[in-house]
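Examining the three-dimensional arrangement
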Amino acid sequence: MTARSGEPLTVVGLISGTSIDGIDVAAARLCAEDGEDGAVALTPIAEAEIPYPEELRERLLGALPPNPCSAEELTRLDTLVGQSFAEAAATGVDLAGGADLIASLGQTVFHWVENGRARGTLQLGQPAWIAERTGLPVVADLRARDVAAGGHGAPLASTLDQLWLRGLAEDSGKAAVGLNIGGIANITVVRADTGALAYDTGPGNALLDLAATEVAGQRSDFGGRLAAAGRVHSGLLDRLLTDPYYAAPPPKSTGKEHFHTDYLRTHIGDLTLSGEDLLATLTELTAATIAAECARHEAGTVVASGGGVENPALMRALAARLTAELRTSDELGLPRAAKEAYLTALLGWLTWHGQPANLPSATGAAGPRLLGSITPGAHPAALPPPLPAVITRLRIAPRGKTR
């Protein structure tokens, strides 16, 4: 049975990553294509990054473990983040010239993993504010169902990567790896003949951002300048690499509840090194842990996206360690800075059309699941009939125009 093309939808995707810099917004046109292979076409329309107000960003960072946080503060933050996401959604709708649906992955503040299993996950950003501001239906809370089904609720990028990079793996005969370097780095290993495997490799920018704040009082190592001025401290790198997380088998996930300021200070211990050397060492840690996992899967191509791609020092360190070809998602038609926002739009579209949106081989869930909860907009939610065929491929169409 073939998937009917149906009506194209304009979907605005929203996400704020573990770096907590702001809200990534992407507007896309999505439509199931006629044919036997169950393909969906995603046409990028527009993308933007909306910074958090500085006070809100500081409060969100202050709410992260190991800091204490009250129920009162979480409630206030849920509202403030929801209102910020609502304004970001309105921006996305304006950029697209109108939209049909909003999808939000919210702001993760805690990911509860115990004995190698995810027990819960918390994303702030109440979707009712988005629905009230835009009048559009909102698909949100996209991780919880996968966790309830025994999965990690992450990395959900595996859904997009499996659909998108399958053809690349088929053409090359080698694994294609989708790499996202946000606060946490994650990979999706896509092969032509087996289901994808995806997991968090460890810190992406998380420790780098903490060190840049301590060393230079800035949010991150802009342009990798601090790291480029330093040298790798082999003793500290060896200490960091002993973290049991790296040896744990996938599926697995992690976050800033693990890689935080106290973690970094504990590992530095009695070592003496300059701020530049610290940044160089942490840059090498991110590159080494990513490259080791790509080598383990004998990757032929690594397609990178996320904020870490904007760090030349990190990209140089990664290229030096990889045995695979390193490309960016831009080269394949998907803007690297907004890939996860386009992922969110895809997840919302799949849920809206009755399609499972998790990848059990990647997250560890017991099986495919419909993800998320739907908050109606100004009118009753009228979902289309579920597509008659499972979506198996994603085609990135040339950048579209507003309608």
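Residues numbered from 1 in each chain as written. Predicted model: local features only at pLDDT ≥ 70, side-chain atom pairs only at ≥ 80, totals over all residues. Heavy atoms only, no water.

Observations concerning the nonpolar core
In this structure, Leu30, Trp349 and Leu394 are the most contacted members of the largest nonpolar core, which totals 45 residues. When residues of this core are traced back to their parent elements, those giving at least two are strand E1 (9-16), strand E2 (22-32), strand E3 (39-51), strand E4 (101-114), helix H5 (157-172), helix H13 (339-352) and strand E13 (393-396). Examining the composition of this core, we find that nine residues originate from one element, H13, more than from any other. The next biggest cluster of nonpolar side chains, apart from the first, holds 30 residues, and it includes Leu14, Ala86, Ile130 and Ala131. (Core = buried A, V, L, I, M, F, W, Y, C linked by side-chain atoms within 4.5 Å. Buried < 20%, exposed > 50% of the residue type's maximum accessible area, 1.4 Å probe, protein only. Helix = DSSP H or I, 4+ residues; strand = E, 2+ residues; numbered from the N terminus.)

Section: the environment of Arg399
Tracing the backbone shows Arg399 in the segment after E13. Distance in space between the C-alpha atoms of Arg399 and Pro250 is 35 Å, their sequence separation being 149 residues. In contact with Arg399, other than residues within four places in its own chain, are Thr43, Pro44, Ile45, Ala46, Glu47, Pro335 and Tyr342. From its side chain, Arg399 meets the backbone oxygen of Ile45 in a polar contact 3.1 Å long. A distance of 3.0 Å separates the side chain of Arg399 from the side chain of Glu47, its partner in a polar contact. (Contact = heavy atoms within 4.5 Å. Polar contact = N/O pair within 3.5 Å; in protein donor to acceptor, adjacent residues only side chain to side chain.)

Quick word on unusual backbone geometry
Glycine aside, negative phi is the norm for most residues, and most peptide bonds take the trans geometry. Cis geometry marks the peptide bond from Pro65 to Pro66, where omega comes out at 10°. With respect to the helices and strands, the residue Pro66 is situated in the loop between helix H1 (54-63) and helix H2 (71-96). Cis rather than trans, the peptide bond between Pro250 and Pro251 has omega equal to 5°. One non-glycine residue, Asn115, lies in the positive phi region at around 55°. Along the chain, Asn115 turns up in the loop between E4 and strand E5 (117-124). One non-glycine residue, Asp141, adopts positive backbone phi at about 55°. The topology assignment puts Asp141 in the loop between strand E6 (138-140) and helix H4 (144-148).

Some words on the pairing of strand E9 (residues 197-203)
Most of E9 is tucked away, with six of its seven residues classed as buried. Examined bridge by bridge, strand E8 (residues 184-190) and E9 share six bridges and lie antiparallel to one another. The residue of E9 that forms the bridge with Thr188 is Ala198. In this antiparallel pair of consecutive strands, E8 and E9, the connection spans six residues. (Pairing = 2+ DSSP bridges.)

Thoughts on the pairing of strand E10 (residues 299-305)
The element E10 is extensively covered by neighbouring structure, given that seven of its seven residues are classed as buried. Summarising the sheet, strand E7 (residues 175-181) and E10 pair through six bridges and their orientation is parallel. The residue of E10 that forms the bridge with Leu179 is Ala304. Where E10 lies against strand E11 (residues 325-328), four bridges are found, and the strand directions are parallel. Note that in E11 the partner of Ala304 across the bridge is Thr328. Since E10 and E11 lie parallel, the crossover through helix H12 (residues 312-321) that links them has a hand, and here it is right-handed. (Right-handed = clockwise from strand over helix to strand, strands pointing away.)

Focus on the packing of aromatic side chains
Going through the model one piece at a time under the given rule, you end up with two aromatic pairs. Between the aromatic rings of Phe259 and Tyr263, the centroid separation amounts to 5.1 Å while the plane-to-plane angle is 75°, which identifies the pairing as edge-to-face. For Phe259, a relative accessible area of 0% translates into the label buried. Assessed through its relative accessible area of 9%, Tyr263 is described here as buried. (Phe/Tyr/Trp six-rings, centres within 6.5 Å; stacked < 30°, edge-to-face > 60°.)

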